[in-house]
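Each chain, letter by letter, is given below.
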Amino acid sequence: MLQLNPLSITVYSALLTGAFAQPPGTVSPLAKICGPSSSVVCINKYASVMPYHFFREPSYNGSYEDTYPSTMVPNDTSWGLVGKADFLVFDQARGLDLLGPSPSYEYIFEVNDAVHEAPVYSPVTNKLYFSQLRGATSPPGFLPQLVVNLNVDPPELGELISDPPIYAPNGGTIHNGLIYWGVSGGNNSVGGIEGRPGIATLDPLTNKTVTLLNNYFGYYFNTVDDLFVHDNGDIFFTDPQYSWFNALTDTAPQLETASYRFTPSTGAVSVINDDIVQPNGIAIAPAVAGCPRTVYISDTGAIAGTTQQSLGPQGLEFNTTGKRTIYAFDLSENGKYLLNKRPVYLAQDWVPDGLKVAANGYIVTGAGKGVDVLDSDGTLLVRVQTNFTVENFAWTGANYEDLWIVGNSGVARVKWALEGQVLK
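Residues numbered from 1 in each chain as written. Predicted model: local features only at pLDDT ≥ 70, side-chain atom pairs only at ≥ 80, totals over all residues. Heavy atoms only, no water.

## Structural notes on the overall build of the protein
So, step 1. Counting secondary structure elements, the protein contains four helices and 29 strands.
So, step 2. What you see for the protein is a C-alpha radius of gyration of 23 Å, in line with the 22 Å of a compact globule of 424 residues.
So, step 3. Principal axes of the C-alpha set define a box for the protein whose edges measure 85 × 50 × 45 Å.
So, step 4. The 424 residues of the protein split such that 55% are buried. (Helix = DSSP H or I, 4+ residues; strand = E, 2+ residues; numbered from the N terminus. Rg over C-alpha atoms; globule rule 2.2 N^0.38 Å. Buried < 20%, exposed > 50% of the residue type's maximum accessible area, 1.4 Å probe, protein only.)

Listed below in structure tokens is the structure:
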């Protein structure tokens, strides 16, 4: 019969309780309050060595939306701070710098559970324009766009129907005073007119719209999800399949998923990438003297559905192991091609949906219930935590320091020191 001495019994009991079961190098504490208020929490060394036993719930072919704070870490008492914070800081020096002396997160408007997208700020009207697509209890077919009037305090939320109407903008930007929308809706009955996925402009002063593009050699585009306008006037845009999945179009995809460059002056459309599963957000970094400009495209292939016309739209499923990556490309000197594709960020929550680049070159993406801020190499610096799923965002204000965030069920505003690129 095996006899255990008192020391062995003590060690055995400790292993059972986890007291001595942690590997050398375990980070402790994982989190701490830092910065100007308790809403700012620093993650020590990226929590790179968590104490056992920890576990984060994955999702396979379902709708479960995992979050970083939901990770179970019972053997670190500091982990409870993570779920309570408005701002998670992963790189303390750079993170606190971009947040500034008094960062704030404010939930401004409660909206329905539809996807809300395409926020664009017009400095001429001092208003924020965005769209409503669909949600679990909010069917497709909503025609007006939503507008936040920033000329009054507190800001006011209203509706806008352009002339002629635009159905389901999904991405947007502003260039030479005009709002450019990636139109994702495809229908011949909404508002008594026919519309197909493409690109349209809105003049915020006259409320007039003009369609610039609605087909690829006779084929309907799938979605036209996001876009930016190059300095030379060319429009770069992504075309995933989400309009069909979300019943925003009456026609199943006719084209492969791809990203394109469109030249409005000639009408020419050229494919610039076709190896991303579901190309979603697209953005361009500010110009740096002597360097090629960087273009970023996010792949949200972890969220997808069936594309068969006979089955009809079947909604979406989320698979944690699917593509949810941001890729960087070099823009060729003549501004026509994307070169040197490389992955820079794997989203740590949900998928990288909305995608923009700050004035200093930091990458910003809406991912699940939050907004991630990355350096130009893709290192996570700060996460803004929201109380709703984020689809997109836009900078506003005289100094482009206010970030307005839109998504399912909510509209929020962040005040910080990270400035957006000036778009006019």
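Back to the text.
## Focus on the state of the cysteines
So, step 1. Taken as a whole, this structure holds one disulfide when the rule is applied.
So, step 2. Each disulfide pairs two cysteine sulfurs, and for cysteine 34 the partner residue is cysteine 42, the sulfurs being separated by 2.0 Å. Of note, the bridge from cysteine 34 to cysteine 42 carries an S-S torsion of about 90° and is right-handed in sense.
So, step 3. For cysteine 42, a relative accessible area of 3% translates into the label buried. (Disulfide = S-S within 2.5 Å.)

## Considering the pattern of salt bridges
Any two side chains of opposite charge can pair, given that their charged atoms come close.
So, step 1. In this structure the tally under the stated criterion is 14 salt bridges.
So, step 2. Of the charged contacts, one joins aspartate 275 and lysine 341 as a salt bridge, the two residues approaching to 3.1 Å between their closest N and O atoms. Taken together, the residues aspartate 275 in the loop between β16 (268-273) and β17 (279-284) and lysine 341 in strand β22 (residues 338-346) connect sequence positions 66 residues apart.
So, step 3. Between aspartate 372 and arginine 383 there is a salt bridge, with its nearest N and O atoms 2.7 Å apart. Within this pair, whereas aspartate 372 is found in strand β25 (residues 370-374), its partner arginine 383 is found in strand β26 (residues 380-385), the two being separated by eleven residues in sequence.
So, step 4. In the salt-bridge network here, residues are joined through shared partners; they are Arg56, Asp349, Asp372 and Arg383. (Salt bridge = Lys/Arg side-chain N within 4 Å of Asp/Glu carboxyl O.)

## Structural notes on the side chain of threonine 249
So, step 1. When you line up the elements, threonine 249 lands in the loop between α4 (242-245) and β15 (258-263).
So, step 2. Accessibility expressed as a relative area gives 8% for threonine 249, which makes it buried.
So, step 3. A polar side-chain atom of threonine 249 sits 3.4 Å from the main-chain amide nitrogen of threonine 251.
So, step 4. Those residues in contact with threonine 249 that lie beyond four places of it in its chain are Gly186, Arg196, Ser243 and Trp244. (Polar contact = N/O pair within 3.5 Å; in protein donor to acceptor, adjacent residues only side chain to side chain. Contact = heavy atoms within 4.5 Å.)

## Focus: the pairing of strand β28 (residues 402-407)
So, step 1. Burial runs high along β28: six of the six residues are buried.
So, step 2. The alternating pattern of β28 places Asp402, Trp404 and Val406 on one face and Leu403, Ile405 and Gly407 on the opposite face, and all of these are buried.
So, step 3. Relative to β28, strand β27 (residues 390-396) is paired through six bridges, and the arrangement is antiparallel. When the bridges of β28 are listed, threonine 396 appears paired with aspartate 402.
So, step 4. Bridge count for β28 against strand β29 (residues 410-415) is six bridges, and the pairing is antiparallel. Its bridge partner lying in β29, isoleucine 405 is registered against alanine 412.
So, step 5. In sequence, β28 turns back onto β29 through a hairpin of two residues, with serine 409 there showing a positive phi of about 80°. (Pairing = 2+ DSSP bridges.)

## Concerning the sheet that holds strand β11 (residues 198-202)
The strands making up a sheet associate through hydrogen bonds between their backbones, and the pairing can be parallel or antiparallel.
So, step 1. Taken in spatial order, the four strands of this open sheet run β9-β10-β11-β12, and their pairing is antiparallel. Two strands bound the open sheet, and with one partner strand each, they are β9 (169-175) and β12 (209-213). Recorded for the sheet is a direction-independent mean angle of 25° between the axes of neighbouring strands.
So, step 2. Note: β11 against β12, four bridges, orientation antiparallel. Its bridge partner lying in β12, isoleucine 199 is registered against leucine 213. (Axes fitted to C-alpha atoms, helices over the stretch in contact; angles between N-to-C directions.)

## Considering the sheet that holds strand β6 (residues 127-132)
So, step 1. With antiparallel pairing, the four strands of this open sheet are ordered in space as β5-β6-β7-β8. Each edge of the open sheet carries a strand with a single partner, namely β5 (116-122) and β8 (156-160). If you compare each strand with its neighbour and ignore which way they point, the axes differ by 25° on average.
So, step 2. Direction of pairing for strand β7 (residues 145-149) relative to β8: antiparallel, over a ladder of five bridges. Opposite leucine 146, over in β8, you have glutamate 159 as the bridge partner.

## A look at the nonpolar core
So, step 1. Of all hydrophobic cores here, the largest spans 39 residues; its most connected members are Leu98, Trp416 and Leu418.
So, step 2. When neighbours within four sequence positions are excluded, leucine 418 is seen to be in contact with Leu98, Ala358, Asn360, Tyr362, Val364, Val373, Trp395, Tyr400 and Glu401.
So, step 3. Residues Tyr296, Ile326, Val344 and Leu355 belong to the second largest nonpolar core, which totals 27 residues. (Core = buried A, V, L, I, M, F, W, Y, C linked by side-chain atoms within 4.5 Å.)

## Examining the environment of threonine 396
So, step 1. Along the chain, the position of threonine 396 falls in strand β27.
So, step 2. For threonine 396, a relative accessible area of 2% gives the class buried.
So, step 3. Taking the C-alpha atoms as reference, threonine 396 lies 8.1 Å from asparagine 126; in sequence the two are 270 residues apart.
So, step 4. Not counting the four nearest positions on each side in its chain, threonine 396 is found in contact with Tyr121, Leu128, Leu150, Glu401, Asp402 and Trp404.

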